[in-house]
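Here are the chains, one letter per residue:
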Amino acid sequence: LVAYKREVVRMVRFMSTNNRTDPTQITNSEIRDFIIFLGKRGLAPASIGRAQAALRTYFAFLEQEAIATMNPTLKISNPRSSRKIPDYMTHHEILKILESPSHDSQYYWRDRAILEFLYATGARVSELVGVTLANLDLENHVCLVFGKGSKERILPLGTECCLALERYLGDVRPLLQNVNTADILFLNHRGGGLSTRAIHQLVKAAGASAGLRKTINPHMFRHTFATHLLEGGADLMAVKELLGHSDISTTQIYTHVDRKHLQEVHRKHHPRA
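In this text the structure is predicted, and so the values were computed from the model without any measurement. (Residues numbered from 1 in each chain as written. Predicted model: local features only at pLDDT ≥ 70, side-chain atom pairs only at ≥ 80, totals over all residues. Heavy atoms only, no water.)

Colleague: Explain the overall build of the protein to me, please; I cannot follow it from the model alone.
Modeller: When you go through the protein residue by residue, the secondary structure sums to 12 helices and 3 strands. A principal-axis box enclosing the C-alpha atoms of the protein has dimensions of 70 × 60 × 35 Å. When burial is assessed residue by residue, the protein has 40% of its 273 residues classed as buried. Considering only contacts within the protein whose residues lie at least 6 apart along the sequence, 58% involve residues at least 24 apart. Put simply, the protein has 35 plus and 26 minus side-chain charges, and the middle of one group is 9 Å from the middle of the other. (Helix = DSSP H or I, 4+ residues; strand = E, 2+ residues; numbered from the N terminus. Buried < 20%, exposed > 50% of the residue type's maximum accessible area, 1.4 Å probe, protein only. Contact = heavy atoms within 4.5 Å. Lys, Arg positive; Asp, Glu negative; His and termini not counted. Charge placed at Lys NZ, Arg CZ, Asp CG, Glu CD.)

Colleague: Explain the environment of Arg10 to me, please; I cannot follow it from the model alone.
Modeller: Locating Arg10 in the fold gives a position in helix α1 (residues 2–17). Expressed as a C-alpha distance, the spacing of Arg10 and His245, which sit 235 residues apart in the sequence, is 29 Å. Ignoring sequence-local partners within four residues, the contact set of Arg10 consists of Phe34, Leu38, Arg41 and Leu43.

Colleague: Honestly, the pattern of salt bridges in this entry has me stumped. Any pointers?
Modeller: Side chains bearing opposite charge may pair, as long as their charged atoms lie close to each other. Applying the stated criterion to the full structure yields 11 salt bridges. Between Glu99 and Arg112 there is a salt bridge, with its nearest N and O atoms 3.5 Å apart. Taken together, the residues span a long stretch of sequence, with Glu99 in the loop between α4 (91–98) and α5 (108–121) and Arg112 in helix α5 at a distance of 13 residues. The exposure class of Glu99 is partly exposed, given its relative accessible area of 46%. Salt bridges sharing partners connect three or more residues here, namely Glu7, Arg10 and Arg50. (Salt bridge = Lys/Arg side-chain N within 4 Å of Asp/Glu carboxyl O.)

Colleague: Could you clarify how one ought to interpret the nonpolar core in this entry?
Modeller: When a protein is soluble and globular, its nonpolar side chains tend to lie buried together. Among the nonpolar cores identified, the biggest contains 49 residues, and Ile97, Phe117, Leu157, Leu165, Phe186 and Phe221 are the most heavily contacted of them. Taken together, the elements giving at least two residues each to this core come down to α4, α5, α6 (125–129), β2 (142–146), α7 (159–176), α8 (196–209), α9 (218–231) and α10 (236–243). For this core, the element with the highest residue contribution is α7, accounting for 7 residues. Of all hydrophobic cores here, the second largest spans 16 residues; its members include Met15, Ile35, Ala51 and Ala68. (Core = buried A, V, L, I, M, F, W, Y, C linked by side-chain atoms within 4.5 Å.)

Colleague: Please clarify how the packing of α1 against helix α3 (residues 45–64) should be interpreted in this entry.
Modeller: Working note: a packed helix pair is described by the angle between its axes plus the distance between those axes. At a closest axis distance of 9 Å, the pairing of α1 and α3 adopts a crossing angle of 85°. Comparing their axes, α3 and α1 come out roughly perpendicular. Counting all contacts with α1, which are made through Ala3, Tyr4, Arg6, Glu7, Val8 and Met11, the residues of α3 involved are Arg50, Ala51, Ala53, Ala54, Leu55, Thr57, Tyr58 and Phe59. Classifying every residue of the contact of α1 with α3 gives 10 nonpolar, 1 polar and 3 charged. (Axes fitted to C-alpha atoms, helices over the stretch in contact; angles between N-to-C directions. Parallel < 35°, antiparallel > 145°, perpendicular 65-115°, else oblique. Nonpolar A, V, L, I, M, F, W, Y, C, P; charged D, E, K, R; others polar.)

Colleague: Any chance you could explain the packing of α1 against helix α2 (residues 28–40) here in plain terms?
Modeller: Put simply, α1 and α2 touch, their axes get as near as 11 Å, and they point 110° apart. Here α2 runs roughly perpendicular to α1, going by the angle between their axes. Taken together, the residues of α2 that come into contact with α1 (itself represented by Glu7, Arg10, Met11, Phe14 and Met15) are Glu30, Ile31, Asp33, Phe34, Phe37 and Leu38.

Colleague: Any chance you could explain the sheet that holds strand β1 (residues 136–137) here in plain terms?
Modeller: Backbone-to-backbone hydrogen bonds pair the strands of a sheet. The strands run either parallel or antiparallel. Strand order in this open sheet of 3 strands is β1-β2-β3, and the pairing throughout is antiparallel. The open sheet is flanked by β1 and β3 (152–156), the only strands paired with a single partner. Taken together, the 5 bridges between β2 and β3 define a ladder with antiparallel strand orientation. Paired with Val142 across the bridge in β3 is Pro156. (Pairing = 2+ DSSP bridges.)

Colleague: Hey, could you run me through the state of the cysteines in this one?
Modeller: Here a disulfide denotes one covalent bond, and it connects the sulfur atoms of two cysteines. Taken as a whole, this structure holds 0 disulfides when the rule is applied. The closest cysteine sulfur to the non-disulfide-bonded Cys143 is located on Cys161, 8.3 Å from its own sulfur. With no disulfide of its own, Cys161 lies 5.7 Å from the sulfur of Cys162, the closest cysteine sulfur. (Disulfide = S-S within 2.5 Å.)

Colleague: Please explain the packing of aromatic side chains as it appears in this structure.
Modeller: Two descriptors summarise a pair of aromatic rings, namely the distance from one centre to the other and the angle between the planes of the rings. Applying the stated rule across the entire model yields 7 aromatic pairs. Here the aromatic rings of Tyr58 and Phe59 are separated by 5.1 Å at their centres, their planes lie at 70°, and the arrangement is edge-to-face. Note on Phe59: relative accessible area 0%, which makes it buried. One aromatic cluster in this structure is built from Phe14, Phe34 and Phe37. The positively charged end of Arg110 is found above the aromatic ring belonging to Tyr107, 4.6 Å away from the centroid. (Phe/Tyr/Trp six-rings, centres within 6.5 Å; stacked < 30°, edge-to-face > 60°. Lys NZ or Arg CZ within 6 Å of the ring centre and 35° of its normal.)

Structure, rendered in structure tokens:
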């Protein structure tokens with residue numbers, strides 16, 4: 001919602017500088033001019049595509065409410081975007097970052113549990129901050145998350161993640177909660193739920209504390225999760241389901257990050273390798 005609002009506001013400002021303040025009078029040509037403007041500002045194709053998606057939704061709403069009679073965005077195709085190889089962490093790097101929280105911090109088990117959860121599940125940061133106590137089933141080592149489009153999926157947690165969560169729930173969370181605390185799993189020092197921004201800062205600090213040269217963000221855990229599963233021989237369709245992708249082509253971006261492993265499998269199993 002925040003991202004879509006930002007794109008619509010940017011379009012409104014652009015149109016206003018061109019004396020176009022009535023959204024029902026905006027034409028297909030003017031939308032194209034706006035897209036060209038975004039390109040000249042250096043936005044990546046994926047960012048321009050998101051802007052177009054926001055505008056399509058905005059003008060569709062105007063049509064639905066009988067404010068506008070046409071959607072000027074419909075005949076504009078999305079820019080082609082090259083599939084960038086996702087950054088991920090090696091097995092050595094992920095172990096270092098999981099061990100990076102300070103044992104002297106009162107938040108050690110919370111921070112450790114967050115890092116373990118990100119690596120164990122490949123969850124998006126927006127999914128992590130929305131996890132509630134009711135979503136968690138430590139006895140069966142699974143957790144329910146709500147992904148894009150409010151789609152539910154159940155994710156396995158793994159032993160190490162469950163151990164960290166048990167310590168957090170037993171030793172740390174009771175000290176953070178207060179009378180206003182909701183059912184949210186991961187709490188801040190005021191007893192409220194951690195924000196996505198706070199998770200980004202926590203992960204970035206963990207990467208720096210681990211001495212990693214690359215800047216670490218929560219989505220890199222997701223890339224690492226997928227990469228390590230495929231390296232271990234996981235089926236691509238299973239990884240697709242775990243990541244919550246609606247299209248297998250989105251998951252296929254991870255298949256080229258482990259060429260050495262594939263070559264080794266070929267040498268080992270192909271009769272004429």
